[in-house]
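An overview of the molecular structure
What follows is the residue order along each chain.
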Amino acid sequence: MNYFPEEVLEHVFDFLTSHRDRNAVSLVCKSWYSVERFSREKVFIGNCYAVNPERLIARFPRVRSLTLKGKPHFADFNLVPHDWGGYVYPWIEAMAKSGINLEELRLKRMVVSDESLELLAKSFPNFKSLVLVSCEGFTTDGLAAIASNCRFLRELDLQENEVDDRKGQWLSCFPDTCTSLVSLNFACLKGEVNVAALERLVARCRNLRSLRLNHAVPLDALQKILVQAPQLNDLGTGSFLHDPDSEAYCKLKNAIKKCKSIRSLSGFLDVNTRCLPAVYPICTNLTSLNLSYAPGIYSSELIKLICHCKKLERLWILDTIGDKGLGVVASTCKELQELRVFPSDLYDGVGNAAVTEEGLVAISAGCPKLNSLLYFCQQMTNAALITVAKNCPNFIRFRLCTLDPTIPDAVTNQPLDEGFGAIVQSCKGLKRLSVSGLLTDQVFLYIGMYAEQLEMLSIAFAGDSDKGMLYVLNGCKKLKKLEIRDSPFGNVALLADVGKYETMRSLWMSSCEVTYGACKTLAEKMPRLNVEIINEGEQIEASPDDRHRVEKMYLYRTLVGPRRDAPEFVWTL
Amino acid sequence: MSPPLLGVEGQSQCNVSLMASSASADRVAQNGLGLKERNYLGLSDSSSVDSSVVPEEKKSNLNLKATELRLGLPGSQSPERESDFTLLSPGKLDEKQLFPLIPSKDGICLLSQKTVVSGNKRGFSDTVDGFSESKSTMFNEGNWMFNPAGSDSGQTKLAGNAGMNVMLSNRSSGTQTSVKTEVPAKTSNECGNKMNGSNANSAPASKAQVVGWPPIRSFRKNSLATTSKNNDEVDGKPGPGALFVKVSMDGAPYLRKVDLRTYSTYQELSSALEKMFSCFTLGQCGPQGAPSREMLSESKLRDLLHGSEYVLTYEDKDGDWMLVGDVPWEMFIDSCKRLKIMKGSDAIGLAPRAVEKSKNRN
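Residues numbered from 1 in each chain as written. Chains lettered and ligands numbered in written order. Predicted model: local features only at pLDDT ≥ 70, side-chain atom pairs only at ≥ 80, totals over all residues. Heavy atoms only, no water.

A word on the packing of helix H1 (residues 6-13) of chain A against helix H3 (residues 30-39) of chain A. Residues and elements named next belong to chain A. The N-to-C vectors of H1 and H3 enclose an angle of 60 degrees; their axes lie 10 Å apart at closest approach. Taken together, the axis directions place H1 and H3 in an arrangement best described as oblique. Crossing of H1 over H3 shows right-handed handedness. Listed contacts from H3 to Glu 6, Leu 9, Glu 10 and Phe 13 of H1 are Trp 32, Val 35, Glu 36 and Ser 39. (Axes fitted to C-alpha atoms, helices over the stretch in contact; angles between N-to-C directions. Helix = DSSP H or I, 4+ residues; strand = E, 2+ residues; numbered from the N terminus. Parallel < 35°, antiparallel > 145°, perpendicular 65-115°, else oblique. Left-handed = near helix turned anticlockwise from the far one by under 90°. Contact = heavy atoms within 4.5 Å.)

All names here are of chain A. Positionally, Glu 104 belongs in strand S3 (residues 104-108). Glu 104 gets classed as buried once you look at its relative accessible area, which sits at 16%. Not counting residues within four places of it along the chain, the set of residues in contact with Glu 104 comprises Lys 42, Arg 64, Ser 65, Leu 66, Phe 127 and Ser 129. (Buried < 20%, exposed > 50% of the residue type's maximum accessible area, 1.4 Å probe, protein only.)

What follows covers a negative patch on the surface. Residue and element names in this part refer to chain A. There is a patch of like negative charges on the surface, built from Glu 6, Glu 7, Glu 10 and Asp 14. Topologically, Glu 6 is positioned in helix H1. A relative accessible area of 46% means that Glu 6 is categorised as partly exposed. (Patch = residues over 30% accessible without salt bridge, like charges linked within 9 Å, V, L, I, M, F, W, Y side chains within 5 Å. Areas by Shrake-Rupley, 256 points an atom, 1.4 Å probe, with all protein chains shown as cover. Salt bridge = Lys/Arg side-chain N within 4 Å of Asp/Glu carboxyl O. Lys, Arg positive; Asp, Glu negative; His and termini not counted. Charge placed at Lys NZ, Arg CZ, Asp CG, Glu CD.)

Residue and element names in this part refer to chain A. When you line up the elements, Leu 117 lands in helix H6 (residues 114-123). Residue Leu 117 is classed as buried on the basis of its relative accessible area of 1%. C-alpha of Leu 117 to C-alpha of Asp 141: the two residues are 24 residues apart in sequence and 9.0 Å apart in space. Beyond its immediate stretch of four places on either side in the chain, Leu 117 contacts Val 112, Leu 130, Phe 138, Gly 142, Leu 143 and Ile 146.

What follows covers the sheet that holds strand S3 (residues 310-315) of chain B. Residue and element names in this part refer to chain B. An order of S2-S1-S5-S3-S4 is seen for the 5 strands of this open sheet, with the pairing classed as mixed. Looking at which strands have only one partner, the edges of the open sheet turn out to be strand S2 (256-259) and strand S4 (321-323). Each strand axis lies, on average, 35 degrees off the axis of its neighbour in the sheet, ignoring direction. (Pairing = 2+ DSSP bridges.)

Once that is clear, we can look at the packing of helix H13 (residues 322-332) of chain A against helix H14 (residues 357-366) of chain A. All names here are of chain A. Here H13 crosses H14 at 5 degrees, and the two axes come no closer than 8 Å. Judged by the angle between their axes, H13 and H14 are roughly parallel. Contact with H13, carried on its side by Asp 323, Leu 326, Gly 327, Val 329 and Ala 330, involves Glu 358, Gly 359, Ala 362, Ile 363 and Gly 366 of H14 and no other residues of that element. Each residue belonging to the contact of H13 with H14 can be placed in one class, and the counts come to 5 nonpolar, 3 polar and 2 charged. (Nonpolar A, V, L, I, M, F, W, Y, C, P; charged D, E, K, R; others polar.)

Taken together, the side chains of Phe 4, Val 8 and Val 12 of chain A make up a nonpolar region of the molecular surface, amounting to roughly 240 Å² of accessible area. Tracing the chain through its elements places Val 8 of chain A in helix H1.

Time to look at the packing of aromatic side chains. Residues and elements named next belong to chain A. All chains considered together, the criterion is met by 23 aromatic pairs over all chains. Taken together, a centroid distance of 6.4 Å and an interplanar angle of 85 degrees make the contact between Phe 398 and Phe 420 edge-to-face. Placement of Phe 398 in strand S18 (residues 397-402) and of Phe 420 in helix H16 (residues 417-426) is noted, with a sequence separation of 22 residues between them. Of the two residues examined, Phe 398 and Phe 420, each falls in the buried class. One aromatic cluster is present, built from ring pairs that chain together Tyr 49, Phe 74, Phe 77, Trp 84, Trp 508, Tyr 554 and Tyr 556. Note that Arg 563 overlies the ring of Tyr 49, its terminal NZ or CZ placed 4.5 Å from the centroid. (Phe/Tyr/Trp six-rings, centres within 6.5 Å; stacked < 30°, edge-to-face > 60°. Lys NZ or Arg CZ within 6 Å of the ring centre and 35° of its normal.)

Here you go:
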């Protein structure tokens, strides 16, 4: 290997895009490590506290694109207190100081302040792409800074962030010279936008491919925008409300017909279902459809729409579609690969709009290419899951969520162990699994035995004893993330194989049976883990009793020791 | 004195009637109430809850009870449940399911364990003691699902607090505080089957009683809450949202409500109404009009409703009573204010067609 000049190695490594491949390659020998680190442009950091900015910059001085993830996954569901951490500012500051030529920043579950956005916008002249998913802490002022200063901005993609609206005119801050936008997604913003500025922006960005509007953009503006941008691939409508007998609507219909490149459709945040037929012409070529934010579209309308979408590969929908609607999906969308069915009715207990195991079985029978599922359902049965496992052995992601977290098999009243067991046994490539319903230790035995490729497992209200967790820890060799809530797993399971946690990214346990004493023991034994105890709302005692149960524990491997930005209520043991 | 109306939305009737009529809570789909006297008020009545399905928790008794026919305004609860709600039950307590939520006016939940049903209507069994008016509880229902304190004080494996006594948390980390408004998004006639499904587990499942369950991003939860609010319309006003109208039937003890937006043809509406009112026509299909206990077949029902016995009419914007079916569906839902299933004999004078129809069948 030594006689390969470095340029050749570098050239070969250029073909390696996946960070896992590059990580593997770096381990071969010192010269490969060296060549690789200078040539790596895209860095992925799955836990922002596993390393720090200095180490990133030291190892990868040529980094151009950085992906960072902050809070643990359960933060999405209000289980992590607000100020837990995950601040991006130190990263931006460090990179700015070191002259990194940052072009792309992708953040998930991080706290992004307006100051960070301003610093970002002003420090990196070639900055092209900002993707924020499920982040918080910024306002439209920060967006204005990005718009004003990033001269070559190609992508501004805001997905499901909590953004404060400052009633500024951030959209108008895009200078007239900005013509480089390829992707603009502000669907999650709550406030008004300057529609005229938006229309002008779209008109001058001839390369615009993806545009997702928020609810403040009315239908007649949409029409004008589409006239300017018939080349769009991905459209998220804003409000889709209008009088279907009006001229504006008629014009919209014509404008949509000309958009022959649209492959992905979303939005319909406010909708008059009588306006929906306007989109039928583009349905035939759609590969991705997201109606999960459109509770105003009822089952019959959904069905009518979906009947046109024969090429659909990805469908995100609300459970208002019903089992019957899923049957229609099954018979229409033969190319379906990913399905997500979200609950529409979160506050009333009655599952009128919910789906059941019937819908899932129908889908599995009709859509053999299905490999990714998120399914919120009213009820489930083992028989159904066994059938699904037989029909669809290709699952990579399987997330089933019964609305009642401990509901048993709806027919036999048995736990759902056998059903999930069938899934893991049949789907040999399963990487991500979420289980729910009434479950005993048995399901974890199955998971440990069969889920060899499993990387992420989410458990809630399941299991009977430590054995359950032990089965998983012993069996799933590739496990990277384990998150458990409200399950009777305790110290025995936690401490059985402490070395395992260094092979994983993180472990979350809340409302389980682990005690302070055990967490302290673990922290002592494993210095390269941060074992964080999150105490919120409780009195923070100076030294809690070792036998006291820990309410929330989050541990993760790290190269840089306890973090210095932890708030008062987070103790790193 | 006619028996009380159940709930403003009517959707809960289906669920409740199922529970009330099958004490073992098995999954037989039944829409009919039968003609037994029901304790609509659900007071001091453990007799209808004798057999509990779930063996493991004795508190599950409550769950069945929780789904008994209840009287009163949405969200209100009956007095005798209080004592049971202090206990952690397997999260099946679900009065929420019976009553749609109404947004909290000020974000503060005042619902305490002591809250009592506000009984606007009296049950015909006349056991009406101990009620107190608490209209304010209506507006605070929205927040009762969430369990801020429970997350720390140790939720059981199965569920957090019953939720009855839940207060909104003001902690920044706290539970979801957004409240979905009263969303009449469900059709009452579909509720039955789904309810049955979850009944296998004792009582109908209560969804949002646990922090962070179902696991949905707050952003999504908030958005859906807001969007529903936008989509909801005042009763009767056409718009993108639901369109609930009252449906009355001559001789029926109470009215129902249907969401016209869930149907797209007259046929669908007609079938749905047939199903909904089958329990009442049940009593009139015997030769002498004596109550008949046979399972009413669909075709028989249809005959009844399409035949000379009954005619479907509606009151339009101008206040006139019109025969359903004359105008295009879209126009119909734009102008329909309420529906009425009239006896054929009463329908004479509505429209010549109605009269002819009656004559022909006779």
